[in-house]
Amino acid sequence: MTESRERRLIVLGVTGGIAAYKSAELCSSLIRNGFDVQVVMTVNATRFVTPLTFRTLSRRPVVESLWETPEWRPEHVALADAAALLAVAPATADFIAKFAHGIADDALTTFAATFGGPVLLAPAMNPAMWRHPACVANVAVLRERGVRMIGPESGRVACGPDGVGRMSEPAAILAAVQSLMA
């Protein structure tokens, strides 16, 4: 077992899409399965699900900002040293684009730019966004770098149209995390 795989800390990135409500179930499932979970939310994610939900489930303060660190050491660096895996669910088109191009302008993208371990993204967005050439190219760049994807799935999305864009269910994401941590 590698040093990072011996650690059980999963950083759960939550971005600003309606599927963020499913991330609470994912967080709870990860905890029930023996993982420690540190949630990092984007500002837009907090419009869908409150940090209090994740703080209660994970029993850890939620990271929302680069500017509210309780210790001298930058939080994204400390997390990068401690984490075994980054799972972003939902991974919006915005996050995917920023991650593909190295844009680090919030706590989650800064952590992602610092973290050298395995990354699992669970994309969730409108089907037209998923098919857009820019998103397709960004996903290809990330896959070339070894980033793993689960989904998106086909079905009805919150904004109405059927198509590929639904976030994978929390149980499937948990199984993918467990596989990566084996």
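Placed above this text is the structure.
Residues numbered from 1 in each chain as written. Predicted model: local features only at pLDDT ≥ 70, side-chain atom pairs only at ≥ 80, totals over all residues. Heavy atoms only, no water.

**Considerations on the side chain of Thr42**
At step 1: Relative to the helices and strands, Thr42 resides in the loop between strand 2 (36-41) and helix 3 (51-58).
At step 2: For Thr42, a relative accessible area of 11% corresponds to the buried category. (Helix = DSSP H or I, 4+ residues; strand = E, 2+ residues; numbered from the N terminus. Buried < 20%, exposed > 50% of the residue type's maximum accessible area, 1.4 Å probe, protein only.)

**Re helix 6 (residues 107-114)**
At step 1: Helix 6 sits mainly inside the fold: 6 of its 8 residues count as buried.
At step 2: What helix 6 keeps buried is the set Ala107, Leu108, Thr109, Thr110, Phe111 and Ala112.
At step 3: Where helix 6 begins, one side-chain oxygen reaches toward the backbone nitrogen of Leu108, 3.2 Å away; that side chain belongs to Asp106. (Polar contact = N/O pair within 3.5 Å; in protein donor to acceptor, adjacent residues only side chain to side chain.)

**Focus: the pairing of strand 6 (residues 153-156)**
At step 1: In this structure, strand 6 lies alongside strand 7 (residues 162-166), joined through 4 bridges in antiparallel fashion. Following the sheet pairing, Gly155 is matched in strand 7 by Gly163.
At step 2: Here strand 6 folds back onto strand 7, and the loop between the two strands holds 5 residues, one of which, Gly160, carries a positive phi near 120 degrees. (Pairing = 2+ DSSP bridges.)

**Description of the nonpolar core**
The nonpolar side chains of a soluble globular protein tend to be buried, and buried together.
At step 1: Grouped together as the largest cluster of nonpolar side chains are 32 residues, with contacts concentrated most on Val39, Phe54, Ile173 and Val177.
At step 2: Among the secondary structure elements, those contributing two or more residues to this core are strand 1 (9-14), helix 2 (20-32), strand 2, strand 3 (85-91), strand 4 (119-123) and helix 9 (170-181).
At step 3: If one sorts the elements of this core by residue count, helix 9 sits on top with 6 residues. (Core = buried A, V, L, I, M, F, W, Y, C linked by side-chain atoms within 4.5 Å.)

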